[in-house]
There are 2 protein chains.
Amino acid sequence: MDNLWQISEESFDPNLKHIHSQETVFTVGNGYFCTRGTFDEGYPHESAATLLFGVFDNVPIAKEELANAPDWVGLKLVVNGERFRLDKGKLLAYTRTLDVQTGLLTRHVLWESTSGIRLQVVSERFASLADEHLGIIRYRVTIEESPNQQPVEVNLRASFNIAVGNYDLMHWATQDQGHTQNLLWLRSETKHTKVSLAQTMSFNTDDAQAKKEFADSDVAPSIRLNSTLAPGATLTAEKVVVMYTSRDGDEPLQTALNHHQKILGSAAEATTNSPHHVFVYNYQYDRQIEAWQKYWQQADVIIEGDDTAQIGIRYNIYQLRISTSEHDSRYSIAAKGLTGFGYRGHIFHDTEIFMLPFFTYVLPDIARNLLLYRYKLLPAARQKARSNGYAGAQYPWESTLNGEETTPSSIVHPETGEVIPVLNGFLELHITSSIAHAVWEYWQVTGDDKFMREYGVELLLSTAMFWDSRAEKDEQEHQYEIKNVIGPDEWHEHVINNAHTNMMARNNLQTALAALHWLENTAPTVATTLIEQLDLNKQRLAHMQDVQEHLKIPQDKETKLFEQFEGFFKLPTLDLEKYKGRKDSYQGILGVEEIQKYQIVKQADTLMMLTMLRQEFDLHTKQVNWDYYFPITDHDYGSSLTPALHAILGSELGHTEESYHMFMKGALVDLENLRGNTPEGIHAACAGAVWQAVVFGFAGLRVTSDGYTTNPHWPANWQRVAFQFKQKGTSVSIDLHR
Amino acid sequence: MDNLWQISEESFDPNLKHIHSQETVFTVGNGYFCTRGTFDEGYPHESAATLLFGVFDNVPIAKEELANAPDWVGLKLVVNGERFRLDKGKLLAYTRTLDVQTGLLTRHVLWESTSGIRLQVVSERFASLADEHLGIIRYRVTIEESPNQQPVEVNLRASFNIAVGNYDLMHWATQDQGHTQNLLWLRSETKHTKVSLAQTMSFNTDDAQAKKEFADSDVAPSIRLNSTLAPGATLTAEKVVVMYTSRDGDEPLQTALNHHQKILGSAAEATTNSPHHVFVYNYQYDRQIEAWQKYWQQADVIIEGDDTAQIGIRYNIYQLRISTSEHDSRYSIAAKGLTGFGYRGHIFHDTEIFMLPFFTYVLPDIARNLLLYRYKLLPAARQKARSNGYAGAQYPWESTLNGEETTPSSIVHPETGEVIPVLNGFLELHITSSIAHAVWEYWQVTGDDKFMREYGVELLLSTAMFWDSRAEKDEQEHQYEIKNVIGPDEWHEHVINNAHTNMMARNNLQTALAALHWLENTAPTVATTLIEQLDLNKQRLAHMQDVQEHLKIPQDKETKLFEQFEGFFKLPTLDLEKYKGRKDSYQGILGVEEIQKYQIVKQADTLMMLTMLRQEFDLHTKQVNWDYYFPITDHDYGSSLTPALHAILGSELGHTEESYHMFMKGALVDLENLRGNTPEGIHAACAGAVWQAVVFGFAGLRVTSDGYTTNPHWPANWQRVAFQFKQKGTSVSIDLHR
């Protein structure tokens, strides 16, 4: 049986798109940094990247982006003057494996140089989960054969390389560089935001013959090992790298140097290394296994009977962990995590809707941090609301460190150079209620009253106040409307009373008022202070109640069918048969303007609302809306976000096969590069949606005020589903057998 | 008396804006490449650049730009482990001089390290005018003092550095890198346009003790010299660099290596160097002096009595030479030459209107190349006309290698990120007639009938056909109009019958018809073929004649005053007194929309037309228009192009003092960074305008069909003006004494 923790490739495919996609897939990381799976020896036109949690620099149009740090991976191997690289010489054997159980990336290569030197090269790499500042590469070179069995001169150069960019945009300038007796260091700074990064390196070998040299350089400082190996001999070298930034505290260089010496010291103490060839790998790898074990004890989802699904879900759960810090609440999870340049490290509602439930149920401490990130940015959200003429707090559609709106107001077409306006930052309002909903759900599941008292209620009320002021009163009908928005379905702009937006806004108002009520009962002085601070007089609270009660929701009272927005049903339907076999989204085919005229949906919109508020609707309502909207949604080329999320509703309605199909679209989106854009980074929202699909969909978990229920729906072949979650501080193990 | 060929600075000013401005000013170059005056040892946040004539890569929005090549200048000096750089240690003395007579940049520094080592460092650098592929740095280090007079360990590292960008955008990827016995080489390629660049380096010293090492690297390969110097001792090292690209032919690396060996060989032969320490500098410097001497014999302008003007004009004439190739007609002179990233190396009408006259009169072979560049791009100009629905050839407002319109259709505000539409590529038509005018003038001055027969007439007719089809007939009045344009004054968009545009279009039609008439008389078969090829039937020719005769020119028949465009006189004037002391252009103050409503002019528009067609107008007409337009033009913060050009008309009208003032604004625009944007590169158009101001303005040169006249107007203190030009192949020396 295959190892159900491992992502492997058994041969090397030089197709550049495939290489870039696999660089994303084979990312190692620990939430402090992630490093794409580029080859140690480099490769022409590779897309090497190490992205650090919350380290941004400015970029034209898109405002700011995670700044690709100087590459720490580089290891140049030269044998008798011939350079080893996968595009040179002759590749005789190749395998690469990412073991998500331990976070270890391993590559085995058998290679022959032009002159006939045959090498075995084994490279192992991990980003330590036990020590988030630490990255290690162990590199073993064995001379299998050489011409006339002569000894071979081996030259191995380990470097930092500042000549990397996001795509081609450079973000770092060297401030200083040097070396101590055993450590090479590079201190660089982002060009605009002035974040300082210190990287230190040790590079050691067990080969007592090897000569070590430091080569200082502002651009690519390195440590070189020179040796001579007889056929059959192996050289093992270890590149140990420590990284600290000015976000971690003052004096990152001194901190990194000290930390690095401590790492070497601990390893020397724990082992019998000679002082000059301290080997860190085994010692640190043990700690790595331990740290990942601890994670998997809480986070693993077991699926028996379907190996592809089992590996897929584990890979997605691995991605969720490496995308976020355990302790830093100044930043959140980007659309692509820390694995690629797509969406430039900006935070969308992907986090709250798709990923946060995993953390809320499994790792509530991280969930709390992710919500604290939003709480801390309330001032900026208030500013956004104010500058748009509204009260309360309006969260930005795209968010980075300071909480200002970072959605570009236009994008430039990469080929035509055409400038395309982007309205999302102006019109896509529903993120504000997504965040409120996540706070409420976090509270319901964790029972974290302290968080609620200190932060949650304030956030709920502030966002509710936004909706209260944003809704327009229709005096004649005594109802409220929300006009000129984009709902989750981004193919329809400037719409009126989007069902999702209005339902979620109403939910926001309801939960805010309920939370205030709770606060008044449980902590009356806190409540009084907050009411004063937010200037929530009786009149305003009554208005909020009125809006909540009379906010217009376009739904047929008889049939229970929601209308996605007012007028949607008047649009012609699209003859989908006509487009069978298409290779592009309906929007791509019809154009941004034309698509608006049809009943065709980019991603779950009404169905997403029904999923999020699933405990408020009866099965009939869900069924009616599923039947209407599921067929007119572009599950293949629309948004990648929602296919897997559909499995929650789908399972509940008994559409298990269809749900499984949707679930797998999410589970394999990166592993099989289903959307063609994996080179830009993983689909972090999918990772979260996939977890939800299993837990809320196939297992049918629902927490209640006094416990939980499950309601399994078994995809073909699935024999067992098991996972854990925490409810109000108590661990709950679910183990379902068919 | 000061040396009137030298630009010097006597102290080091660490202000970063000043540093960047001086990097532009101290550029060395030879028309094949230019290298900004960054320091050999680097400097934090420097803007290092080497731009190669016609070597482009893609860039978002602006389409393509000259791709900043891997930096060849770097020389890192370390003494006893302490790094020498101008921001470190203690700077005791500093001078830097660019001698434009020889193209040599010299810097003297006296410096003390933290530990008390006192160094004298002399650096000399030139881009060879005798061998355009060659750049040399001679670097001398003298230990003046050391603690306890101990010998000092000196480590000197010469590198190539690929970690440079245009601003921060990287354009090159290493293809391969290595070294031979005596040469280090780097082969890189532009990321999108796939231009291949080979750079080779030798690095030698006269210090027989010095140890030399090659350090291979894909990012910053280098050669290191290690030595130990006693106090009083000097180490002289020479970094010799050769560059070839795939634009020069196949196998640029092999060509560069061969060429480099030849350079070393010639030097060894010519001198008594030991084979291991071949010194190239003296030998090549002699050739450099010779080549520049040859240039100055033709191009120098002598101004006696005004040292600032003398140095200024020579600096500008130096810039004109280093901005363009002597033999490559695939590219022309960019707005910033090869000295900075401004305007991204695009070609504007700056070349034809401002710079070309210098070449036409002084270096007609180069002028011919610059016009050939336009001729070769006729197919693209025809395509542009066709795609706009017109006949003939319409040149792009911004042009690079393939002649397509490269004016961005919008720009992104660097601070706000706002996207601002740019209309120039659509509406600024007059470049087409500027090019035609330059062809005509070239012919008039050089008498190059062969060029005219083979290329010139076709270009004139093709551009005339564009105007013929672009002009709209007003049937009632029997006149033609040109609507919806931007004239040279870019502050007024969508104007009708711009006097400059229409007069120059008429001129284009007239000269085209005259040239055709000449061709029919002198080469009837060539004429017949051309007429057929352009499909110029009698009817069309008659129409061209008709348009030429009846094109509407807004001018008051009585007063002779031109109206800049129809309706200009109806606009309110601006109360200029109100803006005294402003630090921004009127457009900057009023905004793009508001400025359109006033009679305020960015740059010479009507007056430029009167300058270009100066032999067609009487003094009275010139005076009337000068009096009207000169005062309402923003000479300080409008365009930098035209202040100096005003001196031609101004001198003729006797406004010598005002003209001198305008001339100096041009002559010193870069030397004193008058516009604040010298960091982005020199103002090449100003360089041409300054030459024209002296020759056509103060000296009053006018060529006639059978000779020339001068009509000097002497600025205060000027005692003598002398220069040369070529008329129909004959050299003419002008030497005017007050």
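Rules and cut-offs
- Residues numbered from 1 in each chain as written.
- Chains lettered and ligands numbered in written order.
- Predicted model: local features only at pLDDT ≥ 70, side-chain atom pairs only at ≥ 80, totals over all residues.
- Heavy atoms only, no water.
- Salt bridge = Lys/Arg side-chain N within 4 Å of Asp/Glu carboxyl O.
- Helix = DSSP H or I, 4+ residues; strand = E, 2+ residues; numbered from the N terminus.
- Buried < 20%, exposed > 50% of the residue type's maximum accessible area, 1.4 Å probe, protein only.
- Axes fitted to C-alpha atoms, helices over the stretch in contact; angles between N-to-C directions.
- Parallel < 35°, antiparallel > 145°, perpendicular 65-115°, else oblique.
- Contact = heavy atoms within 4.5 Å.
- Nonpolar A, V, L, I, M, F, W, Y, C, P; charged D, E, K, R; others polar.
- Buried area = accessible area lost by both parts, 1.4 Å probe.
- Polar contact = N/O pair within 3.5 Å; in protein donor to acceptor, adjacent residues only side chain to side chain.
- UniProt positions renumbered as here; feature names shortened; annotations may be inferred.
- Expected span 1.5 Å × (residues − 1).
- Bend = angle between axes of the 7 residues up to and from the residue.
- Left-handed = near helix turned anticlockwise from the far one by under 90°.
- Phe/Tyr/Trp six-rings, centres within 6.5 Å; stacked < 30°, edge-to-face > 60°.
- Lys NZ or Arg CZ within 6 Å of the ring centre and 35° of its normal.
- Domains from an automatic or database assignment.

S.K.: Lay out the pattern of salt bridges in plain terms, naming residues and giving numbers.
M.R.: Residues and elements named next belong to chain A. The final tally for this structure, using the stated rule, is 76 salt bridges over all chains. We note a salt bridge from Glu458 to Arg382, for which the minimum N-O separation is 3.0 Å. Here Glu458 is found in helix H10 (residues 449-470), whereas its partner Arg382 is found in helix H7 (residues 378-387), with 76 residues between them in sequence. Residue class for Arg382 comes out partly exposed when judged on its relative accessible area of 21%.

S.K.: Tell me about the packing of helix H11 (residues 499-522) of chain A against helix H12 (residues 524-533) of chain A, and please be specific about residues and values.
M.R.: Residue and element names in this part refer to chain A. Where H11 meets H12, the axes come as close as 5 Å, and the angle between the chain directions of the two elements is 130 degrees. Looking at the two axes, H11 sits oblique to H12. Across the interface between the two elements, Leu516, Leu519, Glu520, Asn521 and Thr522 from H11 touch Pro524, Val526, Ala527, Leu530 and Ile531 from H12. Partitioning the contact of H11 with H12 into residue classes produces seven nonpolar, two polar and one charged.

S.K.: Give a detailed account of the interface of chain B and chain A, specifying residues and quantitative values.
M.R.: Interface size is commonly expressed as the accessible surface area that is lost when the partners come together. Contact with chain B, which involves 34 residues of that partner, is made by 34 residues of chain A. For the pairing of chain B and chain A, the buried interface totals around 2,500 Å² over both sides, and the portion due to carbon and sulfur atoms is 46%. Inspection of the chain B/chain A interface yields ten salt bridges. Across the pair Asp218 of chain A and Arg83 of chain B runs a salt bridge, and its minimum N-O distance is 2.5 Å. Taken together, the connections running from chain B to chain A amount to seven residue pairs in polar contact (both at pLDDT 80 or more).

S.K.: Give me the lowdown on the UniProt feature "domain: Glycoside hydrolase family 65 N-terminal" (unreviewed entry) in chain A, citing residues and values where you can.
M.R.: Mapped onto this numbering, the UniProt entry annotates "domain: Glycoside hydrolase family 65 N-terminal" (unreviewed entry) at residues 9-247 of chain A. The span residues 9-247 of chain A is 4% helix and 52% strand, and its two end C-alpha atoms sit 37 Å from each other.

S.K.: So what about helix H5 (residues 350-362) of chain A? Which residues, and what values?
M.R.: Since the α-helix turns once every 3.6 residues, residues separated by three or four places project in the same direction. All names here are of chain A. Between its terminal C-alpha atoms H5 stretches 18 Å, which fits the 18 Å expected from 13 residues at 1.5 Å a residue. When the local axis directions of H5 are compared, the greatest deviation, roughly 55 degrees, occurs at Leu356, which is followed within four positions by the proline Pro357. When you tally the buried positions in H5, you get 13 out of 13 residues, the bulk of the element.

S.K.: Any chance you could break down the packing of H5 of chain A against helix H19 (residues 684-698) of chain A for me, citing the residues and the numbers?
M.R.: Residues and elements named next belong to chain A. As a packed pair, H5 and H19 sit with axes 8 Å apart at the nearest point and diverge in direction by 50 degrees. The angle between the axes of H5 and H19 places the two elements in the oblique class. Relative to H19, the crossing made by H5 is left-handed. In this structure, H5 uses Asp350, Ile353, Phe354, Met355, Pro357, Phe358, Tyr361 and Val362 to contact H19, whose residues at the interface are Ala684, Ala685, Gly688, Ala689, Trp691, Gln692 and Phe696. Across the contact of H5 with H19, the residue classes break down as twelve nonpolar, two polar and one charged.

S.K.: Describe the packing of aromatic side chains, with residues and values.
M.R.: One pass over the full model with this rule turns up 96 aromatic pairs over all chains. A centroid spacing of 5.7 Å and a plane angle of 90 degrees characterise the contact between Tyr708 of chain A and Phe725 of chain A, whose relative ring orientation is edge-to-face. You can see Tyr708 of chain A sitting in strand E26 (residues 707-709) and its partner Phe725 of chain A sitting in strand E27 (residues 720-727), a full 17 residues away along the chain. In this structure Tyr708 of chain A comes out as partly exposed when scored by relative accessible area, which is 36%. Ring centres of Tyr361 of chain B and Phe696 of chain B lie 5.0 Å apart, and the angle between their planes is 65 degrees; this geometry places the pair in the edge-to-face category. Here the residue Tyr361 of chain B occupies a position in helix H5 (residues 350-362), and Phe696 of chain B occupies one in helix H19 (residues 684-698), the gap between them amounting to 335 residues. Take Tyr361 of chain B and Phe696 of chain B: they sit in the same class, and that class is buried. Connected via pairs of aromatic rings, a cluster forms that spans Phe358, Phe359, Tyr361, Trp691, Phe696, Tyr708 and Phe725 of chain A. Sitting over the ring of Tyr586 of chain A, Arg582 of chain A keeps its end group 3.7 Å from the ring centre.

S.K.: Requested: an account of the domain arrangement of chain A, with residues and values cited.
M.R.: Residues and elements named next belong to chain A. Entries for chain A in the domain assignment read domain 1 (8-297) and domain 2 (309-737). Computed over C-alpha atoms, the centres of domain 1 and domain 2 are 38 Å apart. When domain 1 packs against domain 2, close to 3,600 Å² is buried across both sides, 62% of that on carbon and sulfur atoms. Of all residues in domain 1, Phe53, Tyr167 and Tyr295 give up the largest surface area on contact with domain 2, accounting jointly for 19% of the area buried on that side. Summed over the shared surface of domain 1 and domain 2, the number is two salt bridges. The partner of Arg344 in a salt bridge is Glu65, with the nearest N and O atoms 2.4 Å apart. Inspection of the domain 1/domain 2 interface yields 21 residue pairs in polar contact (both at pLDDT 80 or more). Breaking the side of domain 1 that touches domain 2 down by element, the ones donating at least two residues are helix H1 (16-25), strand E2 (28-29), strand E3 (33-35), strand E4 (50-52), strand E5 (56-59), strand E6 (63-66) and helix H3 (281-299). With five residues, the single largest contributor to the side of domain 1 that touches domain 2 is H1. Looking at the side of domain 1 that touches domain 2 residue by residue, the classes come out as 22 nonpolar, 14 polar and seven charged.

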